[in-house]
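Here's the letter readout for the chains.
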Amino acid sequence: MTQWIKNWKKNNWVTSTLSPVKNKDLWIKLDAWQETYTNNGIAFEIIWVKGHDGTPGNEAADRLAVAGLQKPLPGKYSDVEDKPLTDEKPGPS
């Protein structure tokens, strides 16, 4: 996925089949996060995983996403998508 994003950016957010990239706004945010983490020395790779195929981490992410839709996280995470990126490095809580 990391390479796909590089190619999409280079090709003005058009896929190899000449279709517009779906969810472009989300990919742009994810690319910005990757750049921020990478520039701070934190390894960050975006990989494609087939959904609903029994991959444990993907299945767990799916359960969390469904739960999040039903009951948003309280406090500082409830509006996370609207927050700008910061220079703050992630670390243990």
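What you see is a predicted model; the values in this text were computed from it and never measured.

About the criteria used
- Residues numbered from 1 in each chain as written.
- Predicted model: local features only at pLDDT ≥ 70, side-chain atom pairs only at ≥ 80, totals over all residues.
- Heavy atoms only, no water.
- Buried < 20%, exposed > 50% of the residue type's maximum accessible area, 1.4 Å probe, protein only.
- Helix = DSSP H or I, 4+ residues; strand = E, 2+ residues; numbered from the N terminus.
- Arc of directions from axis to C-beta.
- Contact = heavy atoms within 4.5 Å.
- Phe/Tyr/Trp six-rings, centres within 6.5 Å; stacked < 30°, edge-to-face > 60°.

Caption draft 1: Expanded view of helix H1 (residues 2-10). When we look at burial in H1, the residues that qualify are Thr-2, Ile-5 and Trp-8. End-on, the buried residues of H1 take up no more than an arc of 120 degrees, which puts them together on one face. In this structure, the buried side of H1 is in contact with helix H2 (24-39). Two residues or fewer past H1, Asn-12 is found with a positive phi of approximately 60 degrees.

Caption draft 2: How the structure looks around the packing of aromatic side chains. In the structure shown here, the tally under the stated rule is three aromatic pairs. Ring geometry for Trp-4 versus Trp-8: centroids 6.1 Å apart, planes at 50 degrees, classification tilted. Of this pair, Trp-4 and Trp-8 both sit in helix H1, four residues apart, which is roughly one turn of that helix. The class for Trp-4 is partly exposed, based on a relative accessible area of 44%. Measuring from centroid to centroid gives 5.3 Å for Trp-8 and Trp-27, while their planes differ by 65 degrees, and the two rings are edge-to-face. Placement of Trp-8 in helix H1 and of Trp-27 in helix H2 is noted, with a sequence separation of 19 residues between them. One aromatic cluster in this structure is built from Trp-4, Trp-8, Trp-13 and Trp-27.

Purely geometric stuff here, so don't read any function into it on its own.
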